[in-house]
Amino acid sequence: MKTNKNIINREHFGIARKIVSNMTSESWETIPHAVISYEPEVTELLKIMKEINNTATAETKLTLNTIMLRIIVEGIKACPVLNSHIEFNRRLVRGEIKTFEEIDISMPMVLKTGEMMTINMHNMQNKTMRQMRDAIADSVRRANNSDMNEVMYEVSLDNTIQGLKKGKIAQTINRLIGSKTGRHKVRTLSGQAKKDYYSISKKDRLTKHDIEQGTITVSNLGSVCRSWNGICTLLEIVPPQICAIAIGAAQLVPIADSDTTVRTGYKLPLTIAFDHRALDMGDITPFIGRLNEIFADPQIIKEWI
């Protein structure tokens, strides 16, 4: 159908947008999402964070993002099934849930170029908050030294090879056509530029290990838009993960105490999406219960510095 509307810009998908589009399409096509919101009061938590950072420099302070990641890890330890992948064959009605000991958090972050990249923060289960802070900072440093097209292409190529091994021949052929032909061809480095890039130590740039699939996704949406006054109402789960969590922005709101006194305080909305094939609401309650304990007595975070 023709239209007389003027197009002011036309931009073909780059490899990052291709991968995100493919993943999110698979998510909504295959996963029955169930989503809940959770809004704990964080007034005391913010005071303790300010106390901890009282003598810290810009480089050494603990952000709310880092503290919340540590709290979420505690919740996952109390509810380990959230840290799982699912395999499900609908035709045969056969399924399996694999729960992992290592907590590898897929964490979207905005780079200095403005690009969004999801980094796999490996082995967060035993890290202190300072170790988490340093690991995130190092990932950002290496990301800013990296060519995102190259890193994403490595991951895409590995996924294609794994699909081929599983007999997904048609999918492999379609991906090759989509990424190697016409206007939609993926552009990666070549010649001397490629040699120069890969001469950079892996300690100073990202590799596919850094952006491979984690065991659970945690997105800090509040850090992207600090003036946001609301909650995330829908969140995609990236297969084969079975859970994704979004952290919102802390908001000053009226709070009614049990004695009916009304005061102002801060609440921090969280959104928890889970795969209903793998989990029911009852399965989530140990996670909520552990977070309730922490927010009721946030002094405990001082033990995790």
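What you see is a predicted model, and the numbers here were worked out from it, not measured in a lab. Each chain carries its own residue numbering, running from 1 in the direction its sequence is written. This being a predicted model, a pLDDT of at least 70 is required before a residue's local features are given, and a value of 80 or more before pairs of side-chain atoms are given or counted; all residues contribute to the totals for chains, interfaces and linings. The side-chain figures draw on all heavy atoms in the structure; neither hydrogens nor water molecules are used.

Asker: Before we move on, can you summarise the overall build of the chain with the specific residues and values?
Answerer: A run of H or I in DSSP becomes a helix once it reaches four residues, and a run of E becomes a strand once it reaches two; helices and strands are each numbered from the N terminus. The secondary structure content of the chain amounts to ten helices and ten strands. Each residue is placed in one exposure class: buried if its accessible area under a 1.4 Å probe, protein chains only, is under 20% of its type's maximum, exposed if it is over 50%, and partly exposed if it falls in between. The buried share among the 305 residues of the chain stands at 40%. Surface exposure here means Shrake-Rupley accessible area, sampled with a 1.4 Å probe, where a residue is shielded only by the protein chains that are shown. Summing over all exposed atoms, the chain offers an accessible surface of approximately 17,600 Å²; the carbon and sulfur share of this is 52%.

Asker: Describe the nonpolar core, naming the residues involved and giving the relevant values.
Answerer: In this structure, Ile71, Ile105, Ile245, Phe287 and Ile301 are the most contacted members of the largest nonpolar core, which totals 63 residues. Examining the composition of this core, we find that seven residues originate from one element, helix H3 (residues 64-78), more than from any other. In this description, contact between two residues means that some pair of their heavy atoms is separated by no more than 4.5 Å. Aside from chain neighbours lying at most four places away, what touches Phe287 is Ile72, Gly75, Ile76, Cys79, Leu82, Ile245 and Ile272. By convention a nonpolar core is built from buried Ala, Val, Leu, Ile, Met, Phe, Trp, Tyr and Cys residues, the set being connected through side-chain atoms within 4.5 Å. Residues Cys232, Leu235, Ala244 and Ala273 belong to the second largest nonpolar core, which totals seven residues.

Asker: I'd like a description of the side chain of Asn83, backed by residues and values.
Answerer: Take Asn83: it is sitting in the loop between H3 and strand S2 (84-89). The exposure class assigned to Asn83 is buried, which follows from its relative accessible area of 1%. Not counting residues within four places of it along the chain, the set of residues in contact with Asn83 comprises Ile76, Lys98, Thr99, Phe100, Glu101, Glu102, Ile103, Asp104, Thr215 and Ile216.

Asker: Break down the environment of Glu87 for me, with residues and values.
Answerer: Its place among the elements puts Glu87 in strand S2. Take Glu87: its relative accessible area is 45%, and that puts it in the partly exposed class. Sequence-wise, Glu87 and Lys98 are eleven residues apart; in three dimensions their C-alpha atoms are separated by 8.2 Å. For Glu87, the residues in contact, after removing those within four places along its chain, are Arg94, Gly95, Glu96 and Lys98. For Glu87, the side chain forms a polar contact with the side chain of Lys98, separated by 2.9 Å. Two N or O atoms count as a polar contact when they lie within 3.5 Å, although within protein this holds only if one can serve as hydrogen donor and the other as acceptor, and sequence-adjacent residues are included solely when both atoms are side-chain atoms.

Asker: Please set out the packing of H3 against helix H4 (residues 129-144) residue by residue, giving values where relevant.
Answerer: Note on geometry: axes are C-alpha line fits, over the in-contact stretch for helices, and angles between N-to-C directions span 0 to 180 degrees. Contact pair H3 / H4: the axes reach a minimum separation of 9 Å and the direction vectors enclose 120 degrees. By the angle between their directions, the pair H3 and H4 is classed as oblique. When you trace H3 past H4, the crossing you get is right-handed. For the pair H3 and H4, the contacting residues are Asn65, Thr66, Ile67, Leu69, Arg70 and Val73 in the first and Met129, Met132, Arg133 and Ile136 in the second. For classification, angles of less than 35 degrees are called roughly parallel, those exceeding 145 degrees roughly antiparallel, those between 65 and 115 degrees roughly perpendicular, and all remaining angles oblique. For a crossing to be left-handed, the near helix must be turned anticlockwise from the far one by less than a right angle; the clockwise case is right-handed.

Asker: I'd like a rundown of the confidence of the model for the chain, residues and numbers included.
Answerer: The quantity called pLDDT is the predictor's confidence in a given residue, expressed from 0 to 100. Confidence in the prediction of the chain, expressed as mean pLDDT, is 89, and 89% of residues score 70 or more. The least confident element of the chain is helix H6 (residues 169-180), whose mean pLDDT is 58; the most confident is strand S10 (residues 270-275), at 98.

Asker: Please give an account of helix H10 (residues 281-296) that cites residues and values.
Answerer: For a helix, the expected span equals 1.5 Å multiplied by the number of residues minus one. Over its 16 residues, H10 extends 22 Å from the first C-alpha to the last, a length consistent with the 22 Å expected when each residue adds 1.5 Å. Here H10 has its buried residues at Ile284, Phe287, Ile288, Arg290, Leu291, Ile294 and Phe295.

Asker: How would you explain the sheet that holds strand S1 (residues 33-38) if you had to name every residue and give the values?
Answerer: As summarised here, the arrangement of the six strands in space is S1-S10-S7-S6-S4-S5, forming an open sheet in which the pairing is mixed. Where the open sheet ends on each side, the last strands, each with one partner, are S1 and strand S5 (116-121). Neighbouring strand axes in the sheet, compared pairwise and without regard to direction, differ in orientation by 20 degrees on average. For two strands to count as paired, DSSP must find a minimum of two bridges between them. Bridge analysis of S1 against S10 gives six bridges, and the strand direction is antiparallel. What sits directly across from His33, in S10, is Asp275. The sheet contacts of H10 involve S1, strand S7 (243-247) and S10, and relative to S1 the element is tilted by about 20 degrees.

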